[in-house]
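# Close look at the chain arrangement
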Amino acid sequence: ETGVTQTPRHLVMGMTNKKSLKCEQHLGHNAMYWYKQSAKKPLELMFVYSLEERVENNSVPSRFSPECPNSSHLFLHLHTLQPEDSALYLCASSPDRARKPQHFGDGTRLSIL
Amino acid sequence: DAKTTQPTSMDCAEGRAANLPCNHSTISGNEYVYWYRQIHSQGPQYIIHGLKNNETNEMASLIITEDRKSSTLILPHATLRDTAVYYCIVKGSGTYKYIFGTGTRLKVLA
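Residues numbered from 1 in each chain as written. Chains lettered and ligands numbered in written order. Predicted model: local features only at pLDDT ≥ 70, side-chain atom pairs only at ≥ 80, totals over all residues. Heavy atoms only, no water.

This paragraph deals with the confidence of the model for chain B. Within chain B, residue pLDDT values average 93, and 98% of them lie at 70 or more. Averaged pLDDT values for the elements of chain B fall to 93 in strand β8 (residues 84–92) of chain B and rise to 98 in strand β7 (residues 70–75) of chain B. (pLDDT = per-residue confidence, 0-100. Helix = DSSP H or I, 4+ residues; strand = E, 2+ residues; numbered from the N terminus.)

Here's what the structure looks like:
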């Protein structure tokens, strides 16, 4: 139990569907992150929110839309995805950008048909 | 952010110490060294971090060389459950960016 919960754990969707991934942290952290991990590739940072404000956006296609309504919740809204978007999507949180480490959830395994 | 270099894979006998090296020759003075591991189908798990002094916790020890250009993660008595990919990351306090490389795939053998 890491204190970061992601739902759903698995998601299969068609290219024309709209779905959302949810992340919730119970650690009192101020920053939340979305990462993408494709097969046999390193983790890629997608978005970072600090105190509900987006502070990093690493050239992610607009078919991925993040939302951070408060410091405990983070969403990733998905629409018209491509097969290459199939991956493990990981959420993490940290106290802030200082030296204290991130803590990760166990991810959502996304498959695009 | 400094880049890190790790061996692709290592094997270790169960019960022995596992020593995982990491080179970070371009590290700057305010950058910390972090170690995470990822067991198949799970999210990365934080292990330990340090700046310049050696660190120890219930999971592992971190040895950082005096010039800070390399470090070693030590799992003192490896078990089969320590089989995972281990990531060494260097990050400064002024950034949110943790840059994960391909890590070291550690296999603990019975």
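With that settled, consider the interface of chain B and chain A. A common way to state how big an interface is: give the accessible area lost once the parts meet. At the interface, 22 residues of chain B touch 25 residues of chain A. For the pair chain B and chain A, the two sides together bury roughly 1900 Å², of which 57% comes from carbon and sulfur. Area buried by chain B at its contact with chain A is led by Tyr96(B), Tyr98(B) and Phe100(B), which between them contribute 36% of it. Inspection of the region where chain B meets chain A yields one salt bridge. Ionic pairing is found between Lys97(B) and Glu56(A), a salt bridge with its closest N-O pair at 3.9 Å. Listing elements by their share of the side of chain B that touches chain A, those giving two or more residues are β3 (31–38), β4 (45–50) and β8 of chain B. Top element by residues in the side of chain B that touches chain A is β3(B). It accounts for four residues. Looking at the side of chain B that touches chain A residue by residue, the classes come out as nine nonpolar, 11 polar and two charged. (Contact = heavy atoms within 4.5 Å. Buried area = accessible area lost by both parts, 1.4 Å probe. Salt bridge = Lys/Arg side-chain N within 4 Å of Asp/Glu carboxyl O. Nonpolar A, V, L, I, M, F, W, Y, C, P; charged D, E, K, R; others polar.)

Residue and element names in this part refer to chain B. Across the sheet, four strands lie side by side as β2-β7-β6-β5; this open sheet has antiparallel pairing. Pairing within the sheet leaves two strands with one partner each, and these edge strands are β2 (18–23) and β5 (55–56). Taken together, the four bridges between strand β6 (residues 61–64) and β7 define a ladder with antiparallel strand orientation. If you follow Ile 64 over to β7, its bridge partner there is Ser 71. (Pairing = 2+ DSSP bridges.)

This paragraph deals with the nonpolar core. Within the largest apolar cluster, 22 residues are counted, with the highest numbers of intra-cluster contacts made by Trp34(A), Phe64(A), Leu76(A) and Leu78(A). Elements with a minimum of two residues in this core: β2 (10–13), β3 (18–25), β4 (31–37), β5 (44–50), β7 (64–70), β8 (73–79), β9 (87–94) and β11 (108–112) of chain A. In this view, Leu76(A) contacts Lys19(A), Ser20(A), Leu21(A), Trp34(A), Met46(A), Phe47(A), Phe64(A), Ser65(A), Pro66(A) and Tyr89(A); residues no more than four positions away in its chain are not counted. Counting residues in each nonpolar core, the second largest holds 21 residues, with Cys22(B), Ile27(B), Ala84(B) and Val108(B) among its members. (Core = buried A, V, L, I, M, F, W, Y, C linked by side-chain atoms within 4.5 Å. Buried < 20%, exposed > 50% of the residue type's maximum accessible area, 1.4 Å probe, protein only.)

As a further point, take the sheet that holds strand β9 (residues 104–109) of chain B. Residue and element names in this part refer to chain B. The sheet built from five strands is open, its strands ordered β1-β9-β8-β3-β4 with mixed pairing. In this open sheet, the two edge strands, each paired with only one partner strand, are β1 (9–13) and β4. Averaged over all pairs of adjacent strands, the angle between their axes in this sheet comes to 25 degrees, without regard to strand direction. Here β3 pairs with β8 via eight bridges, running antiparallel. Counted as the bridge partner of Gln 38 is Val 85 from β8. (Axes fitted to C-alpha atoms, helices over the stretch in contact; angles between N-to-C directions.)

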